[in-house]
Amino acid sequence: MAHTYPPLNVEVRTPRLTLAGASDKLLERLVPVVRAGVADVEPWPFDDPISFYADNPEREWKWLQGIWRGRGRVTPELWRLYFVVLVDGEAVGMQDLVGRKFTQFGTVTSFSWLAPGRRGQGLGKEMRTAILHLAFAGLGAREASSDAFADNAASNAISRGLGYEPNGTDWDTRRGEPGLIQQWRLTREAWERTRRDDVELTGVAACLPVLGVSPGPDTSS
């Protein structure tokens, strides 16, 4: 059933998975994964503050509250699109896309997580491929960035494998301890060189007015 709020109707489909707008119904399907623990071994993947390091049930409450706040605080100056990752109908993680002053700069960044039992299967790269297609083909982005702690080998390998270039380093904390951040940058030109033709977008055109974004080249649906 279509939602009244257009961002919840956006879908990105690849042969392996679907990114579906994170409705409350889909989020509830992810609660058992969050409750079981998304980050439970070192090196810790997320920077502070984040609910995934909290104890249950506060972990689930803070996670849901953060998504609800983000969905309700959408302006052309700052927006965040939340997607549930579906593999053969099973909810296995999330993939987000964030735009800050997108109408001026055309830049986005991404954030994602996967259920521990689904890691190491190539899904992380497929999720990022899907969200980059939405950003560049659907929204007309000029550049995408990503970052990860320097010892997060999986995330950094995905960025490198998708054509991002190193873009300096920074520092952040995780569980109160400092950690080095590796930053990455992907230009539209670099993305175009390896873009795939098997990624489908749905519901993007109706979502653009909510974000204050002009139509991109692939937003007829």
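Cut-offs and rules
- Residues numbered from 1 in each chain as written.
- Predicted model: local features only at pLDDT ≥ 70, side-chain atom pairs only at ≥ 80, totals over all residues.
- Heavy atoms only, no water.
- Helix = DSSP H or I, 4+ residues; strand = E, 2+ residues; numbered from the N terminus.
- Rg over C-alpha atoms; globule rule 2.2 N^0.38 Å.
- Buried < 20%, exposed > 50% of the residue type's maximum accessible area, 1.4 Å probe, protein only.
- Areas by Shrake-Rupley, 256 points an atom, 1.4 Å probe, with all protein chains shown as cover.
- UniProt positions renumbered as here; feature names shortened; annotations may be inferred.
- Pairing = 2+ DSSP bridges.
- Axes fitted to C-alpha atoms, helices over the stretch in contact; angles between N-to-C directions.
- Contact = heavy atoms within 4.5 Å.
- Parallel < 35°, antiparallel > 145°, perpendicular 65-115°, else oblique.
- Left-handed = near helix turned anticlockwise from the far one by under 90°.
- Salt bridge = Lys/Arg side-chain N within 4 Å of Asp/Glu carboxyl O.

Within an unreviewed UniProt entry, the label attached to the chain reads GNAT family N-acetyltransferase, and the organism entered is Paractinoplanes lichenicola.

Caption draft 1: Focus on the overall build of the chain. A tally of helices and strands in the chain yields 7 helices and 9 strands. Whereas a compact globule of 221 residues would reach a radius of gyration of roughly 17 Å, the chain reaches 17 Å, a difference of no more than 12%. On the principal axes, the C-alpha backbone points of the chain span a range of 45 × 40 × 35 Å. Taking all 221 residues of the chain together, 49% fall into the buried category. Carbon and sulfur atoms form 51% of the exposed surface of the chain, whose accessible area is close to 10,900 Å².

Caption draft 2: Structural context of the UniProt feature "domain: N-acetyltransferase" (unreviewed entry) in the chain. In this numbering, the UniProt entry assigns the feature "domain: N-acetyltransferase" (unreviewed entry) to residues 39–187. The span residues 39–187 is 30% helix and 38% strand, and its two end C-alpha atoms sit 30 Å from each other.

Caption draft 3: Main features of the sheet that holds strand β7 (residues 165–174). Strand order in the open sheet formed by 9 strands is β7-β8-β6-β5-β4-β3-β2-β1-β9, and the pairing between neighbours is mixed. Two strands lie at the open edges of the sheet, namely β7 and β9 (200–202), each paired on one side alone. The mean angle between the axes of side-by-side strands here comes to 25°, regardless of whether they run parallel or antiparallel. The sheet contact formed by strand β1 (residues 11–13) and β9 spans 3 bridges and is antiparallel. Residue Val 12 lies in a different strand from β9, and its bridge partner there is Leu 201. This element, helix α1 (residues 24–36), spans β2 (18–21), β3 (78–87), β4 (90–100) and β5 (107–114) of the sheet and lies at about 110° to β4.

Caption draft 4: The packing of helix α4 (residues 123–138) against helix α5 (residues 153–161), seen in detail. In the contact formed by α4 and α5, the axes pass within 10 Å of each other and the chain directions differ by 50°. The pairing of α4 with α5 is recorded here as oblique in orientation. Seen along the crossing, α4 lies across α5 with a hand that is right-handed. Residues Gly 124, Lys 125 and Arg 128 of α4 form the contact with α5, whose participating residues are Ser 155, Ile 158, Ser 159 and Gly 161.

Caption draft 5: Expanded view of the pattern of salt bridges. Tallied over the entire structure, the rule returns 13 salt bridges. Glu 200 serves as the salt-bridge partner of Arg 13, at 3.4 Å between the closest nitrogen and oxygen. Placement of Arg 13 in strand β1 and of Glu 200 in strand β9 is noted, with a sequence separation of 187 residues between them. With relative accessibility at 27%, the residue Arg 13 sits in the partly exposed group. Given the relative accessible area of 47%, Glu 200 is considered partly exposed. Put simply, Arg 174 and Asp 151 hold a salt bridge, and the shortest N to O gap is 2.8 Å.

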